[in-house]
Amino acid sequence: MKYLIILTIYLLSYSNSFGQTWQVINGSDFVTNSSEAFGSVPYVNKYFQINPYDNSIWFSLSTPPMGVRVLDTNGFYQEFDYQNNATFNGTFGLEFGDFAFTTDNVFTYHQNIGLYSYNGSNWSIESASINGCDIYAQKDTVWMAITSAPFLKWVNGSITPSTISGLRRIRSKNGIFWASTGTTNIILTYDSINGSLYYSPDTTNLLSWNNYDFKFSKRTDSLYSASDQGISIAYDGIFVDSITPSNSINMPSAGIIEFEFDSLDNIWAIFAPDFSIANKPTAIGYYDKSLNTWTNIYTSSNSILDFNRRMTIEVDNQNNPWICDASNIYVLKVGNLPQWLGIDENEQSKIKIYPNPTSEFVTIKIEDNIKITNLNLLDVSGKQVMPIDSSSSVIDIYSLRKGVYFLVINYDGGVLTKKIIKN
């Protein structure tokens, strides 16, 4: 079932170098059987990721019906689970994992079933290997780590099992292979000549025993590893540098539980005291590599972000950072926002809908010279419920059932969607 997204914008009296404010997409605007409206923010795996090829937003859910959810490129929300997708039969009871993306497919895994792919229309089972614990893609190759079993490599529809067991997290780029044997422990590199080379604070003073997140930068083959000591940087299999409070400017703290790169390899990071799920994040920060400085530091005192909840972060291909706390999604405009989200705030304020909630009529009030080209009233499934003349200023909804409806207003400056509650 698909749902049209409704955007609520909160304005903050806080200036920053990006000159924008956080916008929130409320999970409560969507029909759901779960108290976690969008997805899950679990202990290690993200369960919230953005497809770098089209900026669609993907979630998996840790409470029944244990499905996969997506906000597509047009801002429509869709759920896939065993109740509406036959390919997901048998998935009730255990959650799906995180996601990986190739040019043509979205991949995820389920602990009881195996590796799934989605081509934009249909879901398929690529491998029946169970107990997956991590998934990763680089170009058109996908790796899936399996608890206590050899990991799998998917290329163009063919699955190749490896000879290496016991890996819990995998990252690979241009033939360079890094992995971890645990969810938060030290990492290792592997090559066919030297085999596995382990790194730890005993052998490398740039590392911590607590490895939280690691990934390759977008523009180089350097591996970045985040921990309670900051970020360690490895090149060609050797740790050569770090980003810490002692060698960078304005770093909020040493503990980083997750980070993402923008297109220039600058970093957005989530800071927290340690990786215990009981400890909430304390700040979101942006690292400008060219200045060696942390800027745009967001906390509970200067943002609408809910620092009482576990968070996870993504950066889309327009360099906009996105935060998910399971209930809501937050986005900060840095580059171009998706069309369904990038409504001009000044023009939006010139189109008013009232009363709301209402039991009989909705009035549309337009200021200045804005011209409405089309009006559409939709139900929560995105289905048109009644035709409306574009010149109408009053809409009669008395005959409609009680519930939530969406008034989509096309005008000469863009598209505006308003949620209407029928009492």
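So, a few notes on the structure that sits alongside this text. Being a predicted model, the structure only gives us computed values, none of them experimental.

Calculation criteria
- Residues numbered from 1 in each chain as written.
- Predicted model: local features only at pLDDT ≥ 70, side-chain atom pairs only at ≥ 80, totals over all residues.
- Heavy atoms only, no water.
- Helix = DSSP H or I, 4+ residues; strand = E, 2+ residues; numbered from the N terminus.
- Buried < 20%, exposed > 50% of the residue type's maximum accessible area, 1.4 Å probe, protein only.
- Contact = heavy atoms within 4.5 Å.
- 1 Å grid on protein atoms, 1.4 Å probe; cavity = no way out; pocket = protein on both sides within 12 Å on 5 of 7 lines; lining within 4 Å.
- Points joined across faces, edges and corners; volume = space filled by probe spheres on them.
- Nonpolar A, V, L, I, M, F, W, Y, C, P; charged D, E, K, R; others polar.
- Core = buried A, V, L, I, M, F, W, Y, C linked by side-chain atoms within 4.5 Å.
- Pairing = 2+ DSSP bridges.
- Axes fitted to C-alpha atoms, helices over the stretch in contact; angles between N-to-C directions.

Time to look at the overall build of the protein chain. Broken down by element type, the protein chain carries 1 helix and 37 strands. Counting all 423 residues of the protein chain, 54% fall into the buried class. Of all intrachain contacts in the protein chain linking residues separated by at least 6 positions in sequence, the fraction that spans at least 24 positions is 49%.

All right, on to the layout of surface pockets then. Quantified by volume, the largest pocket comes out at close to 990 Å³. Considering the residues around the largest pocket, the lining is formed by 36 residues, among which Gln49, Tyr136, Ala137, Lys215 and Glu260 are closest to the centre. Mapped onto the lining of the largest pocket, the elements with two or more residues apiece are β4 (48-50), β8 (100-101), β12 (132-138), β16 (169-173), β20 (211-216), β24 (256-261) and β28 (312-315). At 5 residues, β12 tops the list of elements feeding residues into the lining of the largest pocket. A breakdown of the residues in the lining of the largest pocket according to their chemical character gives 16 nonpolar, 5 polar and 15 charged.

What follows covers the nonpolar core. The tendency in soluble globular proteins is for nonpolar side chains to be buried as a group. In terms of nonpolar packing, the biggest core is built from 20 residues, with Phe151, Leu167, Ile170, Phe177, Trp178, Leu223 and Phe239 touching the most fellow members. Listed by contribution, the elements that provide at least two residues to this core are β12, β13 (141-146), β17 (176-180), β18 (187-191) and β20. Element by element, the count of residues in this core is highest for β17, at 3 residues. Setting aside residues up to four positions removed in sequence, Phe151 forms contacts with Trp143, Met144, Ala145, Thr160, Pro161, Ser162, Ile164, Leu167, Ile170 and Phe177. The next biggest cluster of nonpolar side chains, apart from the first, holds 19 residues, and it includes Ile351, Val362, Ile372 and Leu416.

Turning our attention to unusual backbone geometry. Cis geometry marks the peptide bond from Tyr354 to Pro355; its omega dihedral reads -15°. For Asn250, which is not glycine, the phi dihedral falls at a positive 70°. Note that Asn250 resides in the loop between β23 (238-243) and β24. Within the chain, Asn292 stands out as a residue other than glycine whose phi angle is a positive 55°. Checked against the element boundaries, Asn292 lands in the loop between β26 (283-288) and β27 (293-298).

Taken together, the 3 strands give an open sheet; going across it, the order is β31-β32-β35, and neighbouring strands pair in antiparallel fashion. Each edge of the open sheet carries a strand with a single partner, namely β31 (351-354) and β35 (394-396). Adjacent strand axes in the sheet meet at a mean angle of 20°, parallel and antiparallel pairs treated alike. With 3 bridges joining them, strand β32 (residues 361-366) and β35 adopt antiparallel strand pairing. Bridge assignment links Val362 to a residue of β35, and that residue is Ile395.

With 6 bridges joining them, strand β33 (residues 372-378) and strand β36 (residues 403-411) adopt antiparallel strand pairing. By the bridge assignment, Asn374 is partnered in β36 with Asn410. Pairing of β33 with strand β34 (residues 384-388), which is carried by 4 bridges, proceeds in the antiparallel orientation. Across the sheet, Leu377 pairs through a bridge with Met386, a residue of β34.

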